[in-house]
Amino acid sequence: MIFGFNTDVKHGDTIYHVQSEARESERLLQTQVFVRGRCIGKKATSYGAKATESTPADPQKEQQLREQHRLVLDAIREGKLDNVLDHPEAEALAAVKELDVQWLNAESVHADRNLTMQLRVTEGGAAAPGARLTFRFARPGEAPFYTQAVTDAGGAAEIKIEVDESAMPDSSLLVQANYEGRTATRKFALRKAE
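Bear in mind that the values here come from a model prediction, so they are computed numbers and not experimental data.

As a further point, take the confidence of the model for the chain. Residue-level pLDDT values for the chain average 80, and 83% of them are 70 or greater. Every residue in residues 49-53 is under pLDDT 50, and counting partners more than four places away or in other chains gives 1 contact. Note that residues 88-97 has pLDDT below 50 and, in this model, 4 contacts with residues that lie over four places away or in other chains.

Here it is, written out as structure tokens:
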């Protein structure tokens, strides 16, 4: 069973996107915090890390993940996010393969009534060829638009969506990358260029 939680929460003038998921391949319950599409921190809890430990049942994992997600949300609301995020040592970070989605052309994406996004998917800093990207484009007053793309040998992909530039400030784009059983989700807020 796959489960997870996604919540937007505002503190001051900042909107935080909090995403929690069970990462079965790594035996982790992970919560990531994003601001403007960029991951600013994580909280991860291992479950059944040793071969002798039994793996908790799905309802137990879901409850643990729900509590971890709520802990991070409460910390944001209280202005104490740094108190709950993990601060692993550099060696530990180097040992973890991290799936990431980068927006390459964030400064210049709208032309000829089209929103053109160029993205790159990496794992541990190396290109992730063949990653499947699912896009959810949300505009006020209209049904969400979905599309998919697959990354090339360099981990790059491009999509074009027809949209009037005046609708962009109130629109958002959620991108989920799937690669070798792992997922990474990024939410991008769109705005009109000044």
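Now that the structure is up, let's keep going.
It is worth spelling out the sheet that holds strand S9 (residues 132-138) at this point. With antiparallel pairing, the 4 strands of this open sheet are ordered in space as S10-S9-S12-S13. In this open sheet, the two strands that pair with only one neighbour each are strand S10 (145-150) and strand S13 (182-189). Taking each pair of neighbouring strands and ignoring which way they run, the sheet shows an average axis angle of 15°. Judged from the 8 bridges that link them, strand S12 (residues 172-179) and S13 form a sheet pairing that is antiparallel. Bridged to Gln176 within S13 is Thr185.

This part is about the nonpolar core. In terms of nonpolar packing, the biggest core is built from 24 residues, with Met117, Leu119, Val121, Leu133, Phe135 and Val175 touching the most fellow members. When residues of this core are traced back to their parent elements, those giving at least two are strand S5 (99-103), strand S7 (114-123), S9, strand S11 (156-162), S12 and S13.

Here we come to unusual backbone geometry. At Arg27, a residue that is not glycine, the phi angle is positive and equals roughly 55°. By the secondary structure assignment, Arg27 is in the loop between strand S2 (14-23) and strand S3 (28-35).

If you walk across this open sheet you meet the 4 strands as S1-S2-S3-S4, and the pairing is antiparallel. Each end of this open sheet is capped by a strand with a single partner; those strands are strand S1 (4-11) and strand S4 (38-46). Neighbour-to-neighbour, the strand axes of this sheet turn through a mean angle of 20°, independent of strand direction. Note that S1 and S2 share 8 bridges and pair antiparallel. When the sheet's bridge partners are listed, Val9 is paired in S2 with Tyr16.

Analysis parameters
Residues numbered from 1 in each chain as written. Predicted model: local features only at pLDDT ≥ 70, side-chain atom pairs only at ≥ 80, totals over all residues. Heavy atoms only, no water. pLDDT = per-residue confidence, 0-100. Contact = heavy atoms within 4.5 Å. Pairing = 2+ DSSP bridges. Helix = DSSP H or I, 4+ residues; strand = E, 2+ residues; numbered from the N terminus. Axes fitted to C-alpha atoms, helices over the stretch in contact; angles between N-to-C directions. Core = buried A, V, L, I, M, F, W, Y, C linked by side-chain atoms within 4.5 Å. Buried < 20%, exposed > 50% of the residue type's maximum accessible area, 1.4 Å probe, protein only.

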